[in-house]
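# Residue-level structural notes
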Amino acid sequence: MVSYPNMTSFSDELNQRLAQAREQNLFRELRRVDSAQGPRVWIGVRELLNFSSNDYLGLATHPALKIAAIEAVEKYGAGAGASRLISGSLNPFHELEAALAKFKKTEAALTFATGYAASTGTIPALMGKDDIIILDKLVHASIVDGARLSGAKLRVFAHNDLADLEEKLQWAAKQMASATDKPIHTLVITESVFSMDGDLAPLAEIVALKEKYGVWLMVDEAHATGVIGKSGRGLADELDLGNRIEIQMGTLGKALGASGGYVCGSRALTDYLINRARSFIFSTAPVPAAAASATAAVRLLETSEGPARRKMLWELISAFNDRLKLSPNSLPSAIIPIILGDESRTLAAAEALRAKGIYIPAIRYPTVARGQARLRVTLTAAHTEADIAALAQELTPIIGNRKS
Ligand SMILES: *Cc1c(COP(=O)(O)O)cnc(C)c1O
């Protein structure tokens, strides 16, 4: 054994910090899965029913996506070699962007290595330290990080609270009106389906407000693309708001079953991002196979298989709601949070469910606020009615004991 005397204090310090996380029931560790992501996963020698994946339509293991990836590897190789601006931009990215722009009915699309990179590249490219960004309280970490990175003044409005948003917009309007040397801009950012609560933003009202105050709007459709709307194009399209939103972004890694992030909007926006988004410019292009799979997914959604898979998904969501009587209304998305509050209780519940063969993640701080810990159930079109029945049976006693 080699020892690293100078490293001891470093590791000690980290172990101390981790011990603190453990004490607060906030320690996280990786659980190795030995199978593909699907409605069932193998962890070692045990098979578990999986309600943790964002692969809402079950496309991650779809033959069309797998074949597209294999063919792309054969034709374009494993890696892209460099940033798209350096070594030339491989055709699969262009095909994907054309397919996405068509699907989202926008002039153009630009793809990134991940949704995280899309947010952290796009927001600072557009906004600077004199500008203002107004965020919903519950937006995803990638948006918070992008907003912080921009150096803009940040304001947070209470979750889905239009009155509070308007208050922040009034404040922003004053700053914009009194800007003397150069104009300042304001960007409002929300999600359409919230990642940890599964509820929808009042998007039509938010669009009306952003127009009233003459500001820009970015909508993250990570959990809506593929799932929400008759055609699965997302909430913006379902409400016919697409051409009134400056920046529509999302991921290719959830319902689209592949990997990557996208921004859809005007050609000016994508040209600008190619020139200014640092996570796009200074990063090796994703593997071409990921783009090819995502393109296959977008195309698949435009065949009859898209509506068929969504129908299956919504039937399962509705069956789950009926069994557990979670909401008097129909549930708005495939994300169903069972909020238990206390971190240790939530961890214990997740562990008890695993012992029964059901895998549901315990979501804790910093993904959600402290004291808001939850089991985050996600359903997919690849589940069956029997899976939902099994899930409901094991969850019923836990839900019965719920505070909220
Ligand atoms: C998952 C997620 C992202 C990030 O997308 P990745 O492709 O996973 O990096 C961005 N926004 C929201 C709301 C998400 O849930």
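Described in the following lines is the structure provided in the data block. Keep in mind that this is a model prediction, so the values were computed, not measured. (Residues numbered from 1 in each chain as written. Predicted model: local features only at pLDDT ≥ 70, side-chain atom pairs only at ≥ 80, totals over all residues. Heavy atoms only, no water.)

Right, let's get into the sheet that holds strand E12 (residues 362-363). The sheet built from three strands is open, its strands ordered E10-E13-E12 with antiparallel pairing. In this open sheet, the two edge strands, each paired with only one partner strand, are strand E10 (335-341) and E12. With two bridges joining them, E12 and strand E13 (residues 373-378) adopt antiparallel strand pairing. The residue of E13 that forms the bridge with Ile363 is Arg374. Of the strands in this sheet, E10 and E13 are in contact with helix H14 (residues 385-400), which crosses E13 at around 160°. (Pairing = 2+ DSSP bridges. Helix = DSSP H or I, 4+ residues; strand = E, 2+ residues; numbered from the N terminus. Contact = heavy atoms within 4.5 Å. Axes fitted to C-alpha atoms, helices over the stretch in contact; angles between N-to-C directions.)

Attention shifts here to the pairing of strand E4 (residues 132-136). Taking burial as the measure, the five residues of E4 include five buried ones, the bulk of the element. In E4, alternate side chains face the same way, and those of Ile132, Ile134 and Asp136 on one face and Ile133 and Leu135 on the other are all buried. With five bridges connecting them, E4 and strand E5 (residues 153-157) associate as parallel partners. Bridged to Asp136 within E5 is Phe157. As a crossover connection, the stretch from E4 through helix H5 (residues 141-150) into E5 is right-handed. Alignment of E4 against strand E6 (residues 186-191), held across four bridges, turns out to be parallel. Its bridge partner being in E6, Ile133 is matched across the sheet by Leu187. (Buried < 20%, exposed > 50% of the residue type's maximum accessible area, 1.4 Å probe, protein only. Right-handed = clockwise from strand over helix to strand, strands pointing away.)

Right, let's talk about the pattern of salt bridges for a bit. The tally for this structure, following the rule as stated, stands at 17 salt bridges. Arg32 serves as the salt-bridge partner of Asp34, at 3.1 Å between the closest nitrogen and oxygen. On the accessibility criterion, Asp34 (40% relative accessible area) is partly exposed. Each of Lys102, Arg233 and Glu302 takes part in a single network of salt bridges with overlapping partners. (Salt bridge = Lys/Arg side-chain N within 4 Å of Asp/Glu carboxyl O.)

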